[in-house]
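# Coordinate analysis (summary)
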Amino acid sequence: QVQLVESGGGLVQTGDSLTLSCAASGRTLVIYNMGWFRQTPGKNREFVSAIKSDAASTRYADSVKGRFTISRDNAKSMVFLQMNSLKPEDTGVYYCAAAVVGAGWPPRGYEYWGQGTQVIVSA
C-alpha cells in the first residue's frame, strides 16, 4: 500500500494562488494513478483533478479547469496541485488519493487517501 500526506493549505484571498503537495510513502508511486478531491461542508467529496501514473494524461473538474494544474514527480514520490485564481467556492479540505493502475484510467475508484489539508479562500 501507499501512505499519503497532504500539505500546503492555508488562508488566502480571492485571486491568490496556492500549491498543494502530496507526499507518498510505501510502494513506488509509479504504480498509482493519482487524484485530488475536496470536501466542502454540506457537500459530498468532490473530484478536482487526476493524473495518470506516467503523467501522460490529466483530468479536471469543470469548476477548476484553466485555473488548477496537477503534476507529479514520481522520483520524489510527490503529487502537486497548483491552484490559481482562487475563489471562495474553492474553500474546502483537499485530499490526495491513489488508485492502483488496475483500476483503469480514469480510475474507477481510489484505494488510498490522505487526511487532507485545509484551503480557505476569503472574499
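Summarised in this report is the structure supplied together with it. Residue indices begin from 1 for each chain and proceed along its sequence in written order. This being a predicted model, a pLDDT of at least 70 is required before a residue's local features are given, and a value of 80 or more before pairs of side-chain atoms are given or counted; all residues contribute to the totals for chains, interfaces and linings. Only hydrogens and water are removed before side-chain values are computed, so all heavy atoms of the structure are retained for them.

### Quick look at the overall build of the protein chain
Counting its regular elements, the protein chain contains 0 helices and 11 strands. In the protein chain, the succession of α and β elements from N to C terminus is β-β-β-β-β-β-β-β-β-β-β. Atoms counted for the radius of gyration: C-alpha only. Globule rule: 2.2 Å times residue count to the power 0.38. Scaling as 2.2 N^0.38, a compact globule of 123 residues should have a C-alpha radius of gyration of about 14 Å, and the protein chain matches this with 13 Å. Principal-axis analysis of the C-alpha atoms places the extent of the protein chain at approximately 40 × 25 × 25 Å. The buried label applies to any residue whose accessible area, calculated with a 1.4 Å probe on protein chains only, is under 20% of its type's maximum; exposed applies above 50%, and partly exposed to all values in between. The burial tally for the protein chain puts 41% of its 123 residues in the buried class. Here the contacts in the protein chain between residues at least 6 apart in sequence split such that 58% fall between residues at least 24 apart. Counting from the N terminus, the helices are the DSSP runs of H or I reaching at least four residues and the strands are the DSSP runs of E reaching at least two. Throughout, a contact is declared for two residues whenever any of their heavy atoms are within 4.5 Å.

### Focus: the pairing of strand 7 (residues 68-73)
Alternating residues of strand 7 divide into Phe 68, Ile 70 and Arg 72, all buried, and Thr 69, Ser 71 and Asp 73, none buried. When DSSP finds at least two bridges between two strands, those strands are taken to pair. In this structure, strand 7 lies alongside strand 8 (residues 78-83), joined through 6 bridges in antiparallel fashion. By the bridge assignment for strand 8, Asp 73 is matched with Met 78. From the end of strand 7 to the start of strand 8, which pair antiparallel, there are 4 residues, and Ser 77 there has a positive phi angle of about 55°.

### Brief notes about unusual backbone geometry
A cis amide bond links Trp 105 with the next residue in sequence, Pro 106, at an omega value of -10°. With respect to the helices, strands and loops of the structure, Pro 106 is situated in the loop between strand 9 (92-100) and strand 10 (112-113). The phi dihedral of Ser 85 falls on the positive side, at around 50°, and the residue is not glycine. Within the secondary structure, Ser 85 is located in the loop between strand 8 and strand 9.

### Some remarks on the packing of aromatic side chains
Think of it this way: a Phe, Tyr or Trp ring, Trp meaning its six-membered ring, pairs with another when their centres are within 6.5 Å, and the plane angle makes it stacked under 30 degrees, edge-to-face over 60, tilted otherwise. For the structure on display, the rule yields 5 aromatic pairs. Plain terms: the ring middles of Tyr 32 and Tyr 112 are 5.9 Å apart, the flat faces sit at 90° to each other, and that makes the pair edge-to-face. Of the two residues, Tyr 32 sits in strand 4 (residues 32-39) while Tyr 112 sits in strand 10, which places them 80 residues apart along the sequence. We classify Tyr 112 as partly exposed; its relative accessible area is 22%. In textbook terms, an aromatic cluster arises when at least three aromatic residues are bridged by ring pairs, as seen for Phe 37, Phe 47, Tyr 110 and Trp 113. As a reminder, the over-ring test applies to NZ of lysine and CZ of arginine, requiring each to be within 6 Å of the ring centre and within 35 degrees of the ring normal. Over the ring of Tyr 95 we find Arg 45; its NZ or CZ atom is 3.8 Å from the centre of that ring.

### As for the sheet that holds strand 3 (residues 18-26)
By way of backbone hydrogen bonds, the strands of a sheet pair with one another, either parallel or antiparallel. Here we have 4 strands laid out as an open sheet, ordered 1-3-8-7, and antiparallel in their pairing. Lying at the two open borders of the sheet, with one neighbouring strand each, are strand 1 (2-7) and strand 7. Within this sheet the neighbouring strands show an average axis-to-axis angle of 15°, counted without direction. All axes here are fitted lines through C-alpha atoms, helices being fitted over the stretch that makes contact, and every angle between N-to-C directions spans 0 to 180 degrees.

### Focus on the pattern of salt bridges
Salt bridges are identified by distance alone: a Lys or Arg side-chain nitrogen within 4 Å of an Asp or Glu carboxyl oxygen. Following the criterion strictly, the structure yields 4 salt bridges and no others. Two residues, Arg 38 and Glu 46, come together in a salt bridge whose shortest N-O distance is 2.8 Å. The class for Arg 38 is buried, based on a relative accessible area of 4%. Among the salt bridges present, the one from Arg 38 reaches Asp 90, with a minimum N-O distance of 2.9 Å. Residue Arg 38 is found in strand 4, and its partner Asp 90 is found in the loop between strand 8 and strand 9; the two are separated by 52 residues along the sequence.

Without other data, these values stay purely geometric and don't point to any function.
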